[in-house]
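As a plain string of letters, each chain reads:
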Amino acid sequence: MDRSFLINEIKRLKTERNACTLAHNYQVPEVQDIADIVGDSFALSRAAAKMDKEIIVFCGVRFMAESAKILSPDKKVLIPSKYAGCPLADSITAKQLEAMKSKHPGAAAVCYVNSSAEVKAISDICCTSSNAVKVVESLKEDEVLFVPDENLAGYVAEKVSGKHIIPWPGHCITHARITVKDLVKTSKEHPEAEILVHPEVSEEIRESSDFVGSTSQIIDHARKSSNTEFIIGTEIGVLHKMKKDNPDKKFYLMSPRLVCENMKMTSLESVYRCLLNMEYEVSVPENIRKKAENSLEKMLCIE
Ligand code: 13P
């Protein structure tokens with residue numbers, strides 16, 4: 001379908017249906033460009049909670065759209081691709097978290113936002129990569145179950161003193177594709193470049209980097225830094241805003257394999273079809289939604 005036709009139709013349908021589109025920083029450039037808000041998981045959760053439109057089209061993966069529904073139960077939340085999931089979020093079930101909790105009865109349960117609504121519902125508080133350190137610091141318990149990302153858990157354990165962090169052994173398959181060889185190669189090719197990575201990368205990659213942050217924190221850092229060259233250790237989607245914001249700076253992806261197939265399932269055409277056919281609607285059973293909302297709201301109060 002013709003690109004300008006799709007853009008005009010999306011604009012028209014958004015007005016007609018009183019809809020907005022939220023897009024994660026990992027979305028393809030053309031989907032970011034038609035979005036009302038583009039951001040990291042934290043910014044998008046906050047935006048979803050405050051949106052005044054009747055319909056939210058969430059251009060991201062399922063757990064993100066689910067979080068929007070949890071925070072805005074009276075809105076219709078649609079996701080353009082019903083298959084856009086997150087293997088990291090799927091790596092732990094509520095039953096597995098229950099078992100972990102019963103082994104550590106005095107511990108607080110913190111779940112990364114990359115988790116199902118059921119896991120959020122039985123956690124004490126949620127966090128995103130931008131506020132995980134603050135969330136864990138805010139807890140009164142010394143023992144903390146941190147699920148499902150073991151790399152983010154390791155990063156938090158490094159930053160927060162006086163807490164015993166017990167991680168779940170999950171990880172992001174996209175970030176796990178970065179090898180030390182990739183890091184050595186890109187650093188040799190661009191010795192002056194600053195290395196910016198997401199906390200979902202492995203410990204050995206994180207330890208050799210200059211800055212660790214969420215997707216939006218990486219984007220902000222590149223804009224504010226006096227450096228002109230950057231090696232990026234997260235999904236390719238972030239390069240779009242970075243290049244737009246900094247036309248005179250140079251960005252190199254740490255590995256060509258940093259492409260999340262799930263994030264790339266959304267296209268201009270699927271956003272158009274989503275608005276046209278009002279599909280696919282995201283729902284969360286009310287008993288689970290209420291409990292999950294509590295974990296998300298607690299997180300939103302922290303930052
Ligand atoms: P951010 O919260 O940094 O946007 O990351 C979301 C995510 O899913 C990373 O893989």
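Counting from 1, residues in each chain are numbered in the order their sequence is written. For this predicted model, a pLDDT threshold of at least 70 governs which residues receive local features, and a threshold of 80 or more governs which side-chain atom pairs are given and counted, while totals over whole chains, interfaces and linings are taken from all residues. With hydrogens and water set aside, each side-chain value is computed from the structure's full complement of heavy atoms.

S.K.: Would you mind going over the nonpolar core with me for this structure?
M.R.: We define the nonpolar core as a collection of buried residues of types Ala, Val, Leu, Ile, Met, Phe, Trp, Tyr and Cys that are connected through side-chain atoms lying within 4.5 Å of one another. Working definition: with a 1.4 Å probe on protein chains only, accessible area under 20% of the residue-type maximum means buried, over 50% means exposed, and in between means partly exposed. Of all hydrophobic cores here, the largest spans 91 residues; its most connected members are V110, F146, V156, I232, M242 and M254. For helices the rule is a DSSP run of H or I covering at least 4 residues; for strands it is a run of E covering at least 2, with both sets numbered from the N terminus onward. Residue contributions to this core peak at 6 residues, all from helix α4 (residues 62-71). Note on definitions: a residue-residue contact is assigned when non-hydrogen atoms from the two residues lie within 4.5 Å. Apart from residues no more than four positions distant in its own chain, F146 is found in contact with V110, C127, A132, V136, L152, A153, V156, I165, I166, P167 and W168. The next biggest cluster of nonpolar side chains, apart from the first, holds 18 residues, and it includes V28, L78, V271 and C274.

S.K.: Honestly, the site of the ligand in this entry has me stumped. Any pointers?
M.R.: To be near a molecule or strand, a residue needs just one of its heavy atoms within 4 Å of it. Every residue lining the ligand is accounted for by H24, Y26, D40, S41, M64, N114, S129, H175, H198, E200, S214 and T215. Within the side chain of S41, one N or O atom sits 2.9 Å away from an oxygen atom of the ligand. Identification of polar contacts relies on pairs of N or O atoms within 3.5 Å, with a donor-acceptor requirement for protein atoms, meaning one able to donate a hydrogen and the other able to accept it, and with residues adjacent in sequence counted only if both atoms are side-chain atoms. The separation between an oxygen atom of the ligand and a polar side-chain atom of S129 is 2.9 Å. Computed with the Shrake-Rupley method and a 1.4 Å probe, the accessible areas treat only the protein chains shown as cover for residues. With the chains in place, 96% of the 300 Å² that the ligand exposes on its own is no longer accessible. Throughout, the protein atoms alone are placed on a 1 Å grid, and a set of points is a cavity if a 1.4 Å probe fits but cannot get out or a pocket if it is open with protein on both sides within 12 Å along at least five of seven lines; lining residues have an atom within 4 Å of a point. What decides whether a molecule sits in a cavity or pocket is whether more than half of its atoms lie within 2 Å of the grid points. In this structure the site holding the ligand corresponds to the largest cavity.

S.K.: So what exactly am I meant to see when it comes to the UniProt feature "binding site: [4Fe-4S] cluster" (unreviewed entry) in the chain here?
M.R.: UniProt positions are given in the numbering used here, feature names are shortened, and annotations may be inferred rather than shown by experiment. Using the residue numbers shown here, the UniProt feature "binding site: [4Fe-4S] cluster" (unreviewed entry) corresponds to C86, C172 and C260. In sequence the annotated residues extend across 175 residues, while in space they remain close, none of their C-alpha pairs exceeding 9.4 Å. As for the lining of the largest cavity, the annotated residues named previously contribute C86, C172 and C260. Mapping C86 onto the fold places it in the loop between β4 (76-78) and α5 (94-103). With residues near it in sequence (within four places) discarded, C86 still touches V61, F63 and N114. Given the relative accessible area of 14%, C260 is considered buried.

S.K.: Before we go on, may I ask you to explain the pairing of strand β3 (residues 55-59) in this structure?
M.R.: Two faces, one strand: in a regular strand the side chains alternate between the faces of the sheet. Burial analysis of β3 places 5 of its 5 residues in the buried class, which makes it a mostly covered element. Judged by which residues are buried, β3 turns out to be covered on both faces: I55, V57 and C59 on one side and I56 and F58 on the other are all buried. Strand pairing follows a simple DSSP-based rule, namely that at least 2 bridges must link the two strands. One ladder, built from 5 bridges, connects strand β1 (residues 19-24) with β3; its direction is parallel. Note on β3: the bridge partner recorded for T21 is V57. Following the chain from β3 across α4 to the adjacent parallel β4, one finds a crossover that is right-handed. Handedness is read with the strands pointing away from the viewer; a crossover is right-handed when the path from the first strand over the helix to the second is clockwise.

S.K.: Explain the environment of T234 here, please?
M.R.: Relative to the elements of secondary structure, T234 occurs in the loop between β11 (229-233) and α12 (238-245). Remark: the alpha-carbon pair of T234 and S214, spanning 20 residues in sequence, is separated by 9.2 Å. What T234 contacts, discounting residues up to four positions off in sequence, is Y26, H175, H198, T215, I218, L253 and L258. Of note is the side chain of T234, whose polar atom sits 2.7 Å from the side chain of Y26. A distance of 2.8 Å separates the side chain of T234 from the side chain of H175, its partner in a polar contact.

S.K.: Explain the UniProt feature "binding site: iminosuccinate" (unreviewed entry) in the chain to me, please; I cannot follow it from the model alone.
M.R.: In the numbering used here, UniProt assigns the feature "binding site: iminosuccinate" (unreviewed entry) to H24, S41, Y112, V113, N114, S129, H198, P199, E200 and T215. Of the annotated set, the members that line the largest cavity are H24, S41, Y112, N114, S129, H198, E200 and T215. As for its placement among the helices and strands, V113 is situated in the loop between β5 (108-112) and α6 (117-121). Not counting residues within four places of it along the chain, the set of residues in contact with V113 comprises S41, F63, S67, K120, C127, T128 and L296. Relative to the elements of secondary structure, H198 occurs in the loop between β9 (194-197) and α10 (203-207). Setting aside residues no more than four positions away along its own chain, H198 makes contact with Y26, Y112, S129, H175, V212, G213, S214, T215, I218, G233 and T234.

S.K.: What exactly am I supposed to notice about the side chain of S72 here?
M.R.: By the element assignment, S72 lies in the loop between α4 and β4. Looking at S72, the relative accessible area reads 4%, which means it is buried. Of note is the side chain of S72, whose polar atom sits 2.4 Å from the backbone oxygen of A48. Beyond its immediate chain neighbours, meaning those up to four positions away, S72 contacts A48, A49 and I56.

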